[in-house]
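These are the residues of each chain, in order.
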Amino acid sequence: MKITGKTSITVLLPAGRLPLGIMRESHRLAEKYGFGVYLSTAQNLRLINVPESAIEAVRKKLGALGADFKGPGKFPIPRLCVGKPHCNLGVVDTEAVCMRILDRFGDRKKVKGKLKIAVAGCAMCCSAPKITDIGIFATKDGYEVYAGGKGGAFPKIGRRIARKASEEKVHEIIEILFDYHDRKTVKKQRMTKLLMEEDFPFEEV
Ligand code: SF4
């Protein structure tokens, strides 16, 4: 329940990794200001019921440790499964795949809202790439990429738009999809709404 005079602050956690310094300081601040800590479904750290009077202090303390905060226009941090070497079925190290995506696109500004990315280390798709706007999973022959999936009350499996793709090809696809979404979107929309456009850049494969 949202309480009057309280708010939440979301710390972005690339690859779902929580740096120990941020964990320690979040714990300390949570005790000091009496707020809660929620691990969000997007794999970020959401500080809940933070007193509004403490927002600035909390952001300053965590920011000094390198924390980046959720905000409009930021490139979405991919949701990951744990991948190789932590899962026996993993074909790729999903943390490394995620960080290479963020190295290439993380500085992109004014990204219009609602786009999400998921990466899975094998075809079991534990991070749900097939029901994500841009979903990527590894196979022994390369990556499969899906576009336009969504969860929620009316879930949809995306369109498979690439098979046996190299990582470089996956990056090219991400760039094309983000550019296309930007051109076709006023403020925010899910990729699924664009799948039926005549000029959608990828056929089903
Ligand atoms: S998708 Fe594959 S690699 Fe990733 S956690 Fe699930 S089984 Fe393991």
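Here the structure is a predicted model, which means the values were calculated and not measured. (Residues numbered from 1 in each chain as written. Predicted model: local features only at pLDDT ≥ 70, side-chain atom pairs only at ≥ 80, totals over all residues. Heavy atoms only, no water.)

### Section: unusual backbone geometry
For step 1, the next point in the chain: Omega for the bond connecting Lys84 with Pro85 falls within 30 degrees of zero, at 5°, which places this linkage in the cis form.
For step 2, the next point in the chain: Even without being glycine, Asn49 reaches a positive phi, approximately 60°.
For step 3, the next point in the chain: Along the chain, Asn49 turns up in strand β3 (residues 45-51).
For step 4, the next point in the chain: For Asn49, a relative accessible area of 24% gives the class partly exposed.
For step 5, the next point in the chain: The backbone of Cys125 shows a phi angle near 60°, a positive value even though the residue is not glycine.
For step 6, the next point in the chain: Within the element layout of this structure, Cys125 appears in the loop between β6 (117-120) and β7 (134-139).
For step 7, the next point in the chain: Note on Cys125: relative accessible area 13%, which makes it buried. (Helix = DSSP H or I, 4+ residues; strand = E, 2+ residues; numbered from the N terminus. Buried < 20%, exposed > 50% of the residue type's maximum accessible area, 1.4 Å probe, protein only.)

### A short note on the site of the ligand
For step 1, the next point in the chain: Around the ligand sit Cys81, Gly83, Cys87, Leu89, Gly90, Gly121, Cys122, Met124, Cys125 and Cys126, and that is every residue in its neighbourhood.
For step 2, the next point in the chain: Of the residues contributing to the shell around the ligand, the split by class is 7 nonpolar, 3 polar and no charged. (Near = heavy atom within 4 Å. Nonpolar A, V, L, I, M, F, W, Y, C, P; charged D, E, K, R; others polar.)

### Comments concerning the packing of helix α1 (residues 20-33) against helix α2 (residues 55-64)
For step 1, the next point in the chain: Where α1 contacts α2, the two axes come as close as 10 Å, and the packing angle between them is 160°. In terms of axis orientation, α1 runs roughly antiparallel to α2. In this structure, the crossing between α1 and α2 has a hand that is right-handed. Every residue of α2 that contacts α1 at Ile22, Glu25, Ser26, Arg28, Leu29 and Tyr33 is listed here: Ala57, Val58, Lys61 and Leu62. (Axes fitted to C-alpha atoms, helices over the stretch in contact; angles between N-to-C directions. Parallel < 35°, antiparallel > 145°, perpendicular 65-115°, else oblique. Left-handed = near helix turned anticlockwise from the far one by under 90°. Contact = heavy atoms within 4.5 Å.)

### Observations concerning the sheet that holds β6
For step 1, the next point in the chain: The strand order β5-β6-β7-β8-β9 describes an open sheet built from 5 strands, whose pairing is mixed. Two strands in the sheet have a free side with no partner beyond their single neighbour: β5 (79-80) and β9 (159-165).
For step 2, the next point in the chain: Taken together, the 4 bridges between strand β8 (residues 142-147) and β9 define a ladder with antiparallel strand orientation. When the sheet's bridge partners are listed, Val145 is paired in β9 with Ala162.
For step 3, the next point in the chain: Its contacts with the sheet put helix α3 (residues 94-105) on β5, β6, β7 and β8, and the angle it makes with β6 is roughly 150°.
For step 4, the next point in the chain: Helix α4 (residues 167-184) rests against β6, β7, β8 and β9 of the sheet, and its axis sits at about 155° to β9. (Pairing = 2+ DSSP bridges.)

### Brief notes about a positive patch on the surface
For step 1, the next point in the chain: Together, Arg46, Lys70, Lys114, Lys116, Lys156, Lys187, Lys188 and Lys193 line one region of the surface with positive charge.
For step 2, the next point in the chain: In this structure, Arg46 sits in strand β3. (Patch = residues over 30% accessible without salt bridge, like charges linked within 9 Å, V, L, I, M, F, W, Y side chains within 5 Å. Areas by Shrake-Rupley, 256 points an atom, 1.4 Å probe, with all protein chains shown as cover. Salt bridge = Lys/Arg side-chain N within 4 Å of Asp/Glu carboxyl O. Lys, Arg positive; Asp, Glu negative; His and termini not counted. Charge placed at Lys NZ, Arg CZ, Asp CG, Glu CD.)

### Observations regarding the UniProt feature "domain: Nitrite/sulphite reductase 4Fe-4S" (unreviewed entry) in the chain
For step 1, the next point in the chain: The UniProt entry lists residues 79-195 under the feature "domain: Nitrite/sulphite reductase 4Fe-4S" (unreviewed entry), expressed in the numbering used here.
For step 2, the next point in the chain: Between the first and last C-alpha atoms of residues 79-195 the distance is 22 Å; the span itself is 26% helix and 21% strand. (UniProt positions renumbered as here; feature names shortened; annotations may be inferred.)

### Comments concerning the nonpolar core
For step 1, the next point in the chain: Ranked by internal contacts, the top residues of the largest apolar core, which has 33 residues, are Phe75, Ile136, Leu177 and Phe200.
For step 2, the next point in the chain: Counting only elements with at least two residues in this core, the list comes to α3, β6, β7, β8, β9 and α4.
For step 3, the next point in the chain: For this core, the element with the most residues is α4, which contributes 6 residues.
For step 4, the next point in the chain: Leave out the neighbours within four places in its chain, and Leu177 touches Ile134, Ala147, Ile161, Met191, Phe200 and Phe202.
For step 5, the next point in the chain: With 15 residues, the next largest nonpolar core counts Ile22, Leu29, Ala30 and Leu47 among its residues. (Core = buried A, V, L, I, M, F, W, Y, C linked by side-chain atoms within 4.5 Å.)

### Here's the deal with the packing of α3 against α4
For step 1, the next point in the chain: Contact pair α3 / α4: the axes reach a minimum separation of 11 Å and the direction vectors enclose 45°. By the angle between their axes, α3 is oblique relative to α4. At the point where α3 passes α4, the crossing takes the right-handed sense. Where α3 abuts α4, its residues Val97, Arg100, Ile101, Arg104 and Phe105 lie against Glu167, Glu168, His171, Ile174 and Glu175.
For step 2, the next point in the chain: Split by residue class, the contact of α3 with α4 holds 4 nonpolar, 1 polar and 5 charged.

### Comments concerning the packing of aromatic side chains
We describe a pair of aromatic rings using the distance from one ring centre to the other and the angle between the two ring planes.
For step 1, the next point in the chain: Tallying each qualifying case throughout the model produces 4 aromatic pairs.
For step 2, the next point in the chain: When the centroid spacing of 5.5 Å and the interplanar angle of 85° are considered together, the rings of Tyr180 and Phe200 count as edge-to-face. Here Phe200 lies in the segment after α4 and Tyr180 lies in helix α4, a separation of 20 residues in the sequence. Of the two residues, Tyr180 and Phe200, neither departs from the other in class, the shared state being buried.
For step 3, the next point in the chain: Taken together, the aromatic side chains of Phe75, Phe105 and Phe178 make up a single cluster linked through ring pairs.
For step 4, the next point in the chain: One Lys or Arg, Arg59, reaches over the ring of Phe69 and ends 4.4 Å from the middle of that ring. (Phe/Tyr/Trp six-rings, centres within 6.5 Å; stacked < 30°, edge-to-face > 60°. Lys NZ or Arg CZ within 6 Å of the ring centre and 35° of its normal.)

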